[in-house]
Amino acid sequence: MSKDKILCKCKKTTEADVLKAIKQGATSYKEVKKMTKAASKCGKCKEQVKKFVKKNVE
C-alpha cells in the first residue's frame, strides 16, 4: 500500500494525510474529515475514506 495514494481527489487528501490525522487523535470518519477536509467537497470518496479510517483506527 502506497501512503501517497490519493483518497480524496478534490482536496488532494492522501492515505498518509488520513493516517497522520489518526495519529493526532482522530478516531472516527467525522474527525478525520474535520482534520483533513477529505470528502468535504463533492463527497464521491466518502465511502472509500470511511473504509480506510475504519481499517486503520485501533
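The numbering scheme is per chain: residues are counted from 1 as the chain's sequence reads. pLDDT decides what is reported in this predicted model: residues at 70 or higher carry local features, side-chain atom pairs at 80 or more are listed and counted, and totals for whole chains, interfaces and linings draw on all residues regardless. Each side-chain value is derived from all of the structure's non-hydrogen atoms; neither hydrogens nor water enter the calculation.

So, about the overall build of the chain. When you go through the chain residue by residue, the secondary structure sums to three helices and two strands. Over its C-alpha atoms, taken along the principal directions, the chain stretches across nearly 25 × 25 × 15 Å. Under the scheme applied here, a residue whose accessible area is under 20% of the maximum for its type counts as buried, over 50% as exposed, and between as partly exposed, the area being computed with a 1.4 Å probe on protein chains only. Here the chain holds 58 residues, and 31% of them are scored as buried. In the chain, once contacts between residues fewer than 6 apart in sequence are set aside, the share between residues at least 24 apart is 43%. For the accessible areas, the method is Shrake-Rupley and the probe is 1.4 Å, while residue cover comes only from the protein chains on display. Entry remark: accessible area of the chain is about 4300 Å², with carbon and sulfur atoms responsible for 50%. Two residue types count as positive, namely Lys and Arg, and two as negative, namely Asp and Glu; His and chain ends fall outside the count. To locate a charge, the coordinates of NZ of Lys, CZ of Arg, CG of Asp or CD of Glu are taken. The positive charge centre, built from 18 side chains, and the negative charge centre, built from 6, are 7 Å apart in the chain. Helix and strand assignments follow DSSP, with helices taken as H or I runs no shorter than four residues and strands as E runs no shorter than two, numbered in order from the N terminus. When checking whether two residues touch, look at their non-hydrogen atoms; a contact exists if any pair is within 4.5 Å.

Okay, the packing of aromatic side chains next. Aromatic pairs are defined between Phe, Tyr and Trp rings, using the six-membered ring for Trp, whenever the two ring centres lie within 6.5 Å; interplanar angles under 30 degrees are classed as stacked, those over 60 as edge-to-face, and all others as tilted. Applying the stated criterion across every chain, the model contains zero aromatic pairs. Taking the ring centre of Tyr 29 as reference, the NZ or CZ of Lys 50 above it sits at 5.4 Å. Any Lys NZ or Arg CZ that is within 6 Å of a ring centre and within 35 degrees of that ring's normal is treated as a charge sitting over the ring.

What follows covers the environment of Gly 43. Here Gly 43 is to be found in the loop between helix H2 (29-36) and helix H3 (46-56). Overall, Gly 43 belongs to the partly exposed group, its relative accessible area being 30%. For the pair Gly 43 and Cys 10, spaced 33 residues apart in the sequence, the C-alpha separation amounts to 8.9 Å.

What follows concerns the state of the cysteines. We call a pair of cysteine sulfur atoms a disulfide when they lie within 2.5 Å. Throughout the structure, instances matching the rule amount to zero disulfides. Cys 8 takes part in no disulfide bond, and the closest cysteine sulfur to it belongs to Cys 45, at a distance of 3.7 Å. Judged by its relative accessible area of 2%, Cys 8 falls in the buried class. Here Cys 42 is not cross-linked by a disulfide; its sulfur's nearest cysteine counterpart is in Cys 10, at 3.6 Å.

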